[in-house]
Structures are given as C-alpha cells and as structure tokens.
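# Residue-level structural notes
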Amino acid sequence: MNGSFHLRAKNLSLLSKWWWRYKLEPNALWRKVIHSLYGEDGGLGLNSDERRFSPTWKQINKCGLEIDKMGIPFTASISRKVGNGNELLFWFDKWLPNLNYNLKGLFLRLFTLENTKDATVSERVNNSSCGLEGNWCWSSRIRGRLCSELQELEALLSAATHLSTLLDSWKWDLSTTGKFSVKRLSSLCDHVMLGSNLVPGSLSSCWVPSIPKKVNIFIWKICMNRILTLHNLEFRGVALLTVGCPLCDRVDEDVEHLFSNCSLSNPIWRGFISWWGITSPLPSGILNIINSPCFKLGYDDLNKLCLAA
Ligand SMILES: [Zn+2]
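The residue numbers shown here count from 1 along each chain, following its written sequence. The model is predicted, so local features are restricted to residues of pLDDT at least 70 and side-chain atom pairs to those at 80 or more, both for listing and for counting; the totals for chains, interfaces and linings are taken over all residues.

## Some thoughts on the overall build of the chain
Runs of E in the DSSP output that reach at least two residues are strands. Runs of H or I that reach at least four are helices, and both are numbered from the N terminus. Scanning the chain for helices and strands turns up 14 helices and four strands. With C-beta atoms placed from the backbone, a residue is buried if 20 or more other C-beta atoms are within 10 Å of its own, exposed if 12 or fewer are, and partly exposed between those counts. Residue burial in the chain is summarised as follows: out of 309 residues, 22% are buried. Here contacts are defined at the residue level, using C-beta atoms placed from the backbone and a cut-off of 7 Å between them. By sequence separation, contacts in the chain at least 24 residues apart represent 56% of the contacts at least 6 residues apart.

Set out below in structure tokens:
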C-alpha cells in the first residue's frame, strides 16, 4: 500500500523530474534551447520575475520552489558527484559537497584574477595528503586582502574529498541511491501534505497512516466536499429529476445530510457513541464529527471504524 495518493504531490514530483533531466541531458536539443533562453541552470531556482519564463517552464521552476517551502530541500538536492574532475568547471559548477554555491559566487575577486575562467576542477586542484590543493594560474600576484580569501578557498578545498578515476556525475541527495525518483519525491511530499505533522483540526489531519488508504481518501473526500452526492452532481451541471435524499426524501442530499443528519445515518453515529461509551453529545455536522476530540479519531478508533464498516 505504499505510494503517493496526493495528486498534488505526484504532480509536483513529475514536474520536478525536469530539474533532474536538465542536469543529466546537457546535449539534448530541448536543454540547449532552455539554456539559451534562460541562461545558467535554465534559470531554475530563480524567482519567475527575474526571467521571462514560458508558462510550462515557469510551472517547472515553481514546483521546485514550492517543494522547498514544504521543508523538503529539493532545489539544493541535485549536486555534482566529483569523479576525476575533468568535466566540472572549477569556478562555475557547484561541485564541492554540501555547498550550494559555485566558487565564482563565493570568491568573485579571486575569479577576476583567474587566467582561464573555464578551467576544470582537475586543472585547478590536485590530490594531496589532506584533501585537495590548488594548482593556481593567476593573472597577477595575489596580495593584500586577496591573500585571506585565497586561504579561505584553500581551506574549503582541503576539506573536500579526493579526485578519483571515475567520471563526474550528478547525484540526488534525497535518495540513498543518488538517483532521482518520482516515487521517492512523491512519498516525501505525501508525508508533509498528508502526514500526522499537520495542524490538528485541519481538514488534512483526518489522514491516518495506519488505516487503509481508500478509507483515508474517502474521509478526505468528505472533508473536501468531493463526494458525488446528488447536490454536488447538480452543482456540476448534471441534469437530475431531484436532488432530494433518496433515503429519507426529506431534504437535499448533500455531504452534511448524507453522512450526518439523515434519519438513516444519524442513528448509526448514535450507535457508535453507545458502542464506544462516549457520554458527550454527538457533534453537529460531519466535519465536526470527524474532528471531534470526543471521538478520538486516532489510530485505534479509526481502525474500529474500519472494522465496523
Ligand atoms: Zn436523508
């Protein structure tokens, strides 16, 4: 029963895959077009106001930022896995582990003195007994305040891992395999959107991981008023002879009536109250019933509800 059931989570994850593909397909025509239109990294991660994105690319960009806002560090999760350093650009690529900046951005003044702006990592560093050491090629002597900047840069390099004989590649930090997975990202988004860490009493807090997902979905649909009652069908433009409740024929069949007030469903709730030994009165309205503390709709009670259904 694992997997994503929140459509928004699935949608976000599918769109996010383009972030991954953008990195992994540097020679694809579509990628070259995006790069020429929106610049470095295809503008991904930037506020849409900073680039005139097409509507589709805007959505793709926005989804990454939206996932970040959910507390999942997606935009920083695609990073370079350094191999031999032959493909990575020392100043432009974000190749140092756990550093979400390129070295040009961090050491701009040193970069201006660089002789070969597009030098690769393997051209600029060598393995040493402690991390990496610089193999510099400056256009003029480093002096004054730049000396301390160079020391900082060298300190960063000395903390980095060694170059290997493998090819440089990309990795996705939110997965143990290092490969992007729609399923994994959906699961992370699901956990935030539907998990138990949501605000108590909110509509989404009716999601209980331990009970069957179809039951969770059904309760969620009740909360969202997405059940196809006669009232909702008519609201969607379906031509009906009547929207009156076919069970009691007294009032319109809407969610509130069908699950709470109907002369057929109401006694069922009263039966539950009696069964569970609850002394407080039945709350008015299905949303109040679902969120009612007196029903303690936690794991155990909802399981009872499932068993009884
Ligand atoms: Zn009725």
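## A few points about helix α12 (residues 265-276)
One turn of an α-helix holds 3.6 residues; hence residues three or four places apart share an orientation. With twelve residues, α12 ought to run about 16 Å at 1.5 Å a step, and its terminal C-alpha atoms sit 17 Å apart, in line with that. Among the twelve residues in α12, zero count as buried, and that is only a small part of the element. One less than the residue count of a helix, multiplied by 1.5 Å, gives the span that helix is expected to have.

## Description of the environment of T229
For T229, the location among the structural elements is in the loop between α9 (213-223) and α10 (230-235). A sequence separation of 24 residues divides T229 from E253, and the C-alpha atoms of the two residues are 6.1 Å apart.

## Description of the nonpolar core
By our criterion, buried Ala, Val, Leu, Ile, Met, Phe, Trp, Tyr and Cys residues that link up through C-beta atoms within 7 Å make up a nonpolar core. Among the nonpolar cores identified, the biggest contains 19 residues, and L12, W19, Y22, I67 and C189 are the most heavily contacted of them. Breaking this core down by element, the ones donating at least two residues are α1 (7-24), α3 (55-69) and α8 (182-194). Counting residues per element, this core draws most heavily on α1, which supplies five residues. The next biggest cluster of nonpolar side chains, apart from the first, holds twelve residues, and it includes W91, L103, V121 and L132.

## Remarks on the packing of α1 against α3
Here an axis means a line fitted to C-alpha atoms, over the contact stretch when the element is a helix, while the angle between two N-to-C directions is reported on a 0 to 180 degree scale. Their axes nearest at 8 Å, the elements α1 and α3 cross at an angle of 110 degrees. In terms of axis orientation, α1 runs roughly perpendicular to α3. Taken together, the residues of α3 that come into contact with α1 (itself represented by L12, L15, S16, W18 and W19) are Q59, I60, C63, G64, E66 and I67. In this scheme, roughly parallel covers angles under 35 degrees and roughly antiparallel covers those over 145, while 65 to 115 is roughly perpendicular and the rest are oblique.

## Re the confidence of the model for the chain
Averaged over all residues, the pLDDT of the chain equals 82, while 84% of them reach at least 70. Think of pLDDT as the predictor's per-residue confidence, scored from 0 to 100. Predicted confidence in the chain is weakest over helix α14 (residues 299-308), with a mean pLDDT of 54, and strongest over helix α6 (residues 121-124), with 94. Scored below 50 in pLDDT, residues 196-205 shows ten contacts in the model against residues more than four places distant or in partner chains.

## Here's the deal with the environment of R184
One can find R184 in helix α8. Residue classification places R184 among the partly exposed positions, given that 17 C-beta atoms sit within 10 Å. Expressed as a C-alpha distance, the spacing of R184 and L174, which sit ten residues apart in the sequence, is 8.2 Å. Ignoring any residue separated from it by four or fewer positions in sequence, one finds R184 in contact with L174 and S175.

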